[in-house]
Amino acid sequence: MSKVSTQLLLIGLILVVITLGLNIYSSVTADTLRGEELFSTNWWARWFPLYGTGGGLMLVGAVLRCTGKGR
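Residues numbered from 1 in each chain as written. Predicted model: local features only at pLDDT ≥ 70, side-chain atom pairs only at ≥ 80, totals over all residues. Heavy atoms only, no water.

Here we look at the overall build of the chain
The following threshold applies: Secondary structure elements are taken from DSSP: a helix is a run of H or I of four residues or more, a strand is a run of E of two residues or more, and numbering for both begins at the N terminus. Type-normalised accessible area, obtained with a 1.4 Å probe on protein chains alone, sets the label of each residue: buried when under 20%, exposed when over 50%, and partly exposed for intermediate values. Areas reported as accessible are Shrake-Rupley estimates using a 1.4 Å probe. Residue values count occlusion only from the protein chains shown.
For the chain, the helix and strand inventory stands at three helices and zero strands. Listing every helix and strand of the chain by position from the N terminus yields α-α-α. A total of 71 residues make up the chain; the buried ones form 15% of that total. When the accessible surface of the chain is split by element, carbon and sulfur atoms take 70% of a total near 5300 Å².

Shown next as structure tokens:
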């Protein structure tokens with residue numbers, strides 16, 4: 001179970017970092033003089049599913065890690 005929890009934590013962390021990078025990149029490109037929005041302007045539909053999925057994977061990995069050490 002330790003392997004699975006570590007993999008879930010790692011995948012969740014990578015997903016959150018990639019989403020954060022895309023979020024920063026899209027806001028930087030929109031701030032340029034002639035920049036247009038790279039993605040839609042609806043934050044909820046654009047970023048929340050990715051952050052939620054990454055956070056959910058990390059939460060499941062942390063729960064599995066905590067319950068696995070108690071056994």
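Describing the environment of Pro49
Mapped onto the fold, Pro49 is located in helix α3 (residues 48–69). Residues Pro49 and Thr19, spaced 30 residues apart in sequence, show a C-alpha to C-alpha distance of 9.9 Å.

Section: the environment of Tyr51
Summarising the element assignment, Tyr51 is placed in helix α3. Placed 38 residues apart in sequence, Tyr51 and Leu13 show a C-alpha to C-alpha distance of 9.7 Å.

Quick word on a nonpolar patch on the surface
Our working rule: Patches were defined on residues exceeding 30% relative accessible area and lacking a salt bridge, with like-charge contacts within 9 Å and nonpolar side-chain contacts (Val, Leu, Ile, Met, Phe, Trp, Tyr) within 5 Å. Each salt bridge in this description consists of a side-chain nitrogen of Lys or Arg and a carboxyl oxygen of Asp or Glu lying within 4 Å of one another.
On the surface, Leu10, Ile14, Ile18 and Leu22 cluster together into a nonpolar patch covering about 350 Å² of accessible area. Examined against the element boundaries, Leu22 turns out to sit in helix α1 (residues 2–31).

Some thoughts on the environment of Gly55
Tracing the chain through its elements places Gly55 in helix α3. Note: C-alpha distance between Gly55 and Leu9 (46 residues apart in sequence) is 9.0 Å.

Here we look at the confidence of the model for the chain
Basically, it comes down to this: pLDDT: the predictor's confidence for each residue, scored from 0 to 100.
Mean pLDDT over the chain: 81, with 73% of residues reaching 70 or higher. Taking the mean pLDDT of every element in the chain, the minimum, 70, falls on helix α2 (residues 43–46) and the maximum, 90, on α3.

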